[in-house]
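Single-letter residue listing:
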Amino acid sequence: MYVRRNYSQSFFHRRKKPPYVRRAVFLLLIAGLVYFGYQVATQPAAFAATTYTLLFAQTTPTPLPGTLVMQAQDYYLAGDLDQAAAYYELALAQRPENPEYLYDYGQIQIDRNQPAAALTAGATINRLFPEDVRGMALRARALAWQGDYSAAIPVALAGLQIDSNFAPLYEALSRAYIGASQWAQGVEAGLRAVDLAPDDVRARWAYAGALMAVGARERAVLELENTLTLQPMFIPPYFELAFMYLSADRDQEAIDLYNRVLGMQPRNARAMLRLCEAYRKIGEFERAIGMCQDAVTTDPAFTAAQYRLGILRYNRREFAAARTAFQACVDQDPGSLECTFRLGLAHYYVASTGYQTCVNAGSRACDVRPDCEVAARLLEESLGRAQLQGGLEDTIAIIREGLQALSADPACPGFSARRPESTPEPTAEAAQ
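Since the structure is predicted, the reported quantities are computational estimates derived from the model, not experimental observations.

Caption draft 1: Inspection of unusual backbone geometry at higher detail. With a phi close to 60°, Asp249 is a non-glycine residue in the positive phi region. Counting through the fold element by element, Asp249 comes out in the loop between α13 (236-247) and α14 (251-264). Looking at Asp249, the relative accessible area reads 55%, which means it is exposed.

Shown next, in the form of structure tokens:
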């Protein structure tokens, strides 16, 4: 069959679109032009800015050190010490020899419990400016924070020879004197710091610590309350004031303070742990466990929270859960004797209760030996360490009690000397 072709059209000629398609495209084009005109007429500035951005590539300028420091101070006043320190580090990267930046950065690092960084900052100030008392105050405070009181005192006194009215020197000296058990001098230096700088929260914080050390608890509470009034977002004194409230059985006030901290810093694991302990004190054990669990979930490396969670689980006879918590504590801090011997006890009770459950179910193959072996090893290791340390008679007695129970339990036949009639109860000391 022969097909005739029309050679007047190209081989690649497209068919014309239907009229309704062309009409729709035309209407869309008209609508787009109308919208474009409306935007230009109603928002000329935004249109110009967008056009400029599209036509000219822009680079983000590096913030000036002064701008970074202002942002750091805003974070500090808002109670975010981590971000404040980070912004000071950015400013110091551009101005590493600025004494004001170094001093403020160092103070914040001590507030964050990072005294080594503060000590370096203070040493840098005094290397560059030997007579700058800010460097001396920073070094003295960092040394006192590290527990090196005998080194902190002469540094602060040397600064006072240069400027006898610089309040932070007295603040550092107060902490150092108290740490060195020079109580009267500590209180006197703290009071002098407050007299010179009544609006300085760190001065009042140090003075409160001195008052606590000499047993002037009511005055210490007033000073700590003053720090919160002066700077409500400054977190560190909250913990000391809440501790004072708990000591005075003002439990709900302490709980309210910890909740205020969490309102400002929802991921503050330390506040969660303290809430856990506060709820434990008033007998609300479910809430206590919940807060301790939140603390270790927020910060799995927080050994104090892992330890407290383990104790709470252990006292409820939840030995497998206690074992997990104590193991996390030992993983983070292998030198912790408290967590090590309690981990051994938890392994033993997991084996013992598991064996009893298995036997009661009528099974003849109740293999719990792995937990028995770990328990024996940990308890024997802990006993040796406790004996070497000395002065741990109560701990040694608890460990020996655990080893005796293990050796007498049919759950651990490799260590069994006799078969007791019942599984030993958990040691009562774990409630401490």
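Let's pick the thread back up.
Caption draft 2: Structural detail: the packing of helix α7 (residues 133-145) against helix α8 (residues 149-162). Look at α7 against α8: their axes get within 8 Å of each other, and the N-to-C directions meet at 160°. One way to sum up the angle between α7 and α8 is to call them roughly antiparallel. The handedness of the crossing between α7 and α8 comes out as left-handed. Residues Val133, Met136, Arg139, Ala140, Leu143 and Ala144 of α7 form the contact with α8, whose own contacting residues are Tyr149, Ala151, Ala152, Val155, Ala156, Ala158, Gly159 and Ile162.

Caption draft 3: Seen up close, helix α12 (residues 217-230). Spanning 14 residues, α12 covers 20 Å between terminal C-alpha atoms, matching the ideal 20 Å at 1.5 Å per step. Regarding α12, the residues found buried are Ala220, Val221, Glu223, Leu224, Thr227 and Leu228. For α12, the angular spread of buried residues about the axis comes to 165°, placing them on one side. Every exposed residue of α12 that faces more than 90 degrees away from the buried side is listed here: Glu218, Leu222 and Thr229. Elements in contact with the buried residues of α12: α11 (201-213), α13 and α14.

Caption draft 4: Examining the packing of aromatic side chains more closely. Here the structure, examined in full by the defined rule, presents eleven aromatic pairs. Taken together, a centroid distance of 6.2 Å and an interplanar angle of 45° make the contact between Phe239 and Tyr258 tilted. Here Phe239 is found in helix α13, whereas its partner Tyr258 is found in helix α14, with 19 residues between them in sequence. Each of the two residues, Phe239 as well as Tyr258, counts as buried. Plain terms: the ring middles of Tyr314 and Tyr349 are 5.9 Å apart, the flat faces sit at 75° to each other, and that makes the pair edge-to-face. One end of the pair, Tyr314, is in helix α17 (residues 303-315); the other, Tyr349, is in helix α19 (residues 337-360), and 35 residues separate them in sequence. Just as Tyr314 is buried, Tyr349 falls in that class too. By the ring-pair criterion, three or more aromatic residues cluster together here, those being Tyr76, Trp145, Trp205 and Phe234.

The rules behind each value
- Residues numbered from 1 in each chain as written.
- Predicted model: local features only at pLDDT ≥ 70, side-chain atom pairs only at ≥ 80, totals over all residues.
- Heavy atoms only, no water.
- Helix = DSSP H or I, 4+ residues; strand = E, 2+ residues; numbered from the N terminus.
- Buried < 20%, exposed > 50% of the residue type's maximum accessible area, 1.4 Å probe, protein only.
- Axes fitted to C-alpha atoms, helices over the stretch in contact; angles between N-to-C directions.
- Parallel < 35°, antiparallel > 145°, perpendicular 65-115°, else oblique.
- Left-handed = near helix turned anticlockwise from the far one by under 90°.
- Contact = heavy atoms within 4.5 Å.
- Expected span 1.5 Å × (residues − 1).
- Arc of directions from axis to C-beta.
- Phe/Tyr/Trp six-rings, centres within 6.5 Å; stacked < 30°, edge-to-face > 60°.

As far as function goes, none of this settles anything; it's purely spatial.
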